[in-house]
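A structural walkthrough
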Amino acid sequence: MARFVPQLDDCSICMCPPVAPCTTPCNHTFCASCFSSALQFKPPAHSGKCPICRRHVSLYSTVDVATSLPLKVPAVTTIFGQRYLQQGDEGVAAYHFDSPDDVYISYANAPSGWTHDDGSPPPEKKIFTDCSFDPGTRTFRGTIRWDESPFNGDSSWDYEMVFSENFAIIEGGRMQATKAGGGAGATHKFPMDLCYWRGLPPLDDIAGQTYIQGGTVGLASYHYEDMSKPYISYSSAPPQWALDDGAAPPSKKYFDEAQWFPQTRTFTGTITWSPTSFGGDAMWCYTMKFAEDFRTIVDGSCRAYGPEPGKEERATHKFGLQLRYRLYDEGEAQMGAAFEALNEPFPLNHLH
């Protein structure tokens, strides 16, 4: 049987003329839907390898042919105005890019054992010198000078930081130390030795946020992207999670009677499983109390009820005890995926 050879303009995935064609940086053209589904792009990186040449591609670098616009625009498009935290910790050698003229390392919460060689603590704010940023390669360069008092025997640190396409993590680069005597010191590489991701902005609401358990979006995660239609996501639920009629739980299960009380940071809503049930439960009634910084759900409960006509309360699950949920952090998730791709353990000591 003769082998089918597609036309040059055909999508190389479905072998048909491309619908809503998109072009990768390596100049390969696909249907936008074929491209996204074939590579199974997932947040937060939205990246993978080209189906033809295996070069790195992403939704951020692949453009719509009709508009020349990227298939996805990252929420953040520069390092300026951002801060990058070491394993998610504020003020523990955190990098602050407040503006092109104000870039520094914050030691505001540095451990007491971190001292200069003369025994003095590092300053709360240590300014970078000789700074430059190349937006084309997303690369920052700068130097920290310890001329007055060496730090671990070093007189300076020269940095090169390469940021991911969505500016969520520092994905490459290195810090090269110079000894006080003038010789080369240690080299520390991003992200293996220096593990940094973008710090979340302060929150005053749950609107637009996602709360996860088990570190996974879609494992009964709570989504408040649209406060008029909040939902629970089961998109990553394991196969053994099945409704009592044998069906898989839906990717999105919307709350009924959802209400948000900003004065008390409390959300209430109901999940109704009728006409089937889930583990014998026909309805779940939620009360969620969020922490003052909106990083965790600290109190409240999920009360489970049986089917009609008795509709008895079958169980109560407490937040902070049986139900442990925290804010989804895009940078942390992307860094975890980067370590997984490197077959290296992800340092999780920062998690509470």
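Source: prediction; values computed, not measured.

Let's talk about the nonpolar core
- Grouped together as the largest cluster of nonpolar side chains are 27 residues, with contacts concentrated most on Tyr211, Tyr222, Trp284, Tyr286, Met288 and Phe290.
- Broken down by secondary-structure element, the contributors of at least two residues to this core are strand E21 (266-272), strand E22 (283-290) and strand E23 (297-305).
- Residue contributions to this core peak at four residues, all from E22.
- The residues touching Phe290, leaving out its near neighbours within four places in the chain, are Ile206, Tyr211, Tyr224, Trp260, Arg265, Phe267, Thr296, Ile297 and Val298.
- Membership of the second largest hydrophobic core comes to 25 residues, among which are Tyr95, Val103, Tyr107 and Met161.

With respect to the pattern of salt bridges
- Considering all chains together, one arrives at nine salt bridges under this definition.
- Glu90 is the salt-bridge partner of Arg83, the closest N and O atoms lying 2.5 Å from each other.
- We classify Glu90 as partly exposed; its relative accessible area is 36%.
- The partner of Arg198 in a salt bridge is Glu330, and the shortest N-O contact between them spans 2.7 Å. Placement of the pair is Arg198 in strand E15 (residues 196-198) and Glu330 in helix H2 (residues 330-341), with a sequence separation of 132 residues.

Section: the sheet that holds strand E9 (residues 125-127)
- In spatial order, the strands read E9-E8-E7-E6-E15; together these five strands make up an open sheet with antiparallel pairing. What marks the edges here is a single partner per strand, and that holds for E9 and E15. Strand-to-strand twist across the sheet, computed as the mean angle between neighbouring axes with direction ignored, equals 25°.

Overview of the UniProt feature "domain: RING-type" (unreviewed entry) in the protein
- Taking the UniProt record as the reference, the feature "domain: RING-type" (unreviewed entry) is found at residues 11-54.
- The span residues 11-54 carries 18% helix and 20% strand; its end-to-end C-alpha distance comes to 16 Å.

Here we look at helix H1 (residues 32-39)
- Where H1 is concerned, the buried positions are Ala32, Cys34, Phe35 and Leu39. Seen from one end, H1 has its buried residues packed into an arc of 170°, which puts them on one side.
- For H1, the secondary structure elements touched by its buried residues are strand E1 (21-23), strand E2 (29-31), strand E3 (47-49) and strand E4 (56-58).
- Gln40 lies just past H1 and shows a positive phi near 50°.

A look at the sheet that holds strand E16 (residues 210-212)
- As summarised here, the arrangement of the five strands in space is E19-E18-E17-E16-E25, forming an open sheet in which the pairing is antiparallel. With partners counted over all chains shown, the strands left at the sheet margins are strand E19 (252-254) and strand E25 (326-327), one partner each.
- Note: E16 against E25, two bridges, orientation antiparallel. The partner of Ile212 across the bridge, within E25, is Arg326.

Each value, and the rule that gives it
Residues numbered from 1 in each chain as written. Predicted model: local features only at pLDDT ≥ 70, side-chain atom pairs only at ≥ 80, totals over all residues. Heavy atoms only, no water. Core = buried A, V, L, I, M, F, W, Y, C linked by side-chain atoms within 4.5 Å. Buried < 20%, exposed > 50% of the residue type's maximum accessible area, 1.4 Å probe, protein only. Helix = DSSP H or I, 4+ residues; strand = E, 2+ residues; numbered from the N terminus. Contact = heavy atoms within 4.5 Å. Salt bridge = Lys/Arg side-chain N within 4 Å of Asp/Glu carboxyl O. Pairing = 2+ DSSP bridges. Axes fitted to C-alpha atoms, helices over the stretch in contact; angles between N-to-C directions. UniProt positions renumbered as here; feature names shortened; annotations may be inferred. Arc of directions from axis to C-beta.

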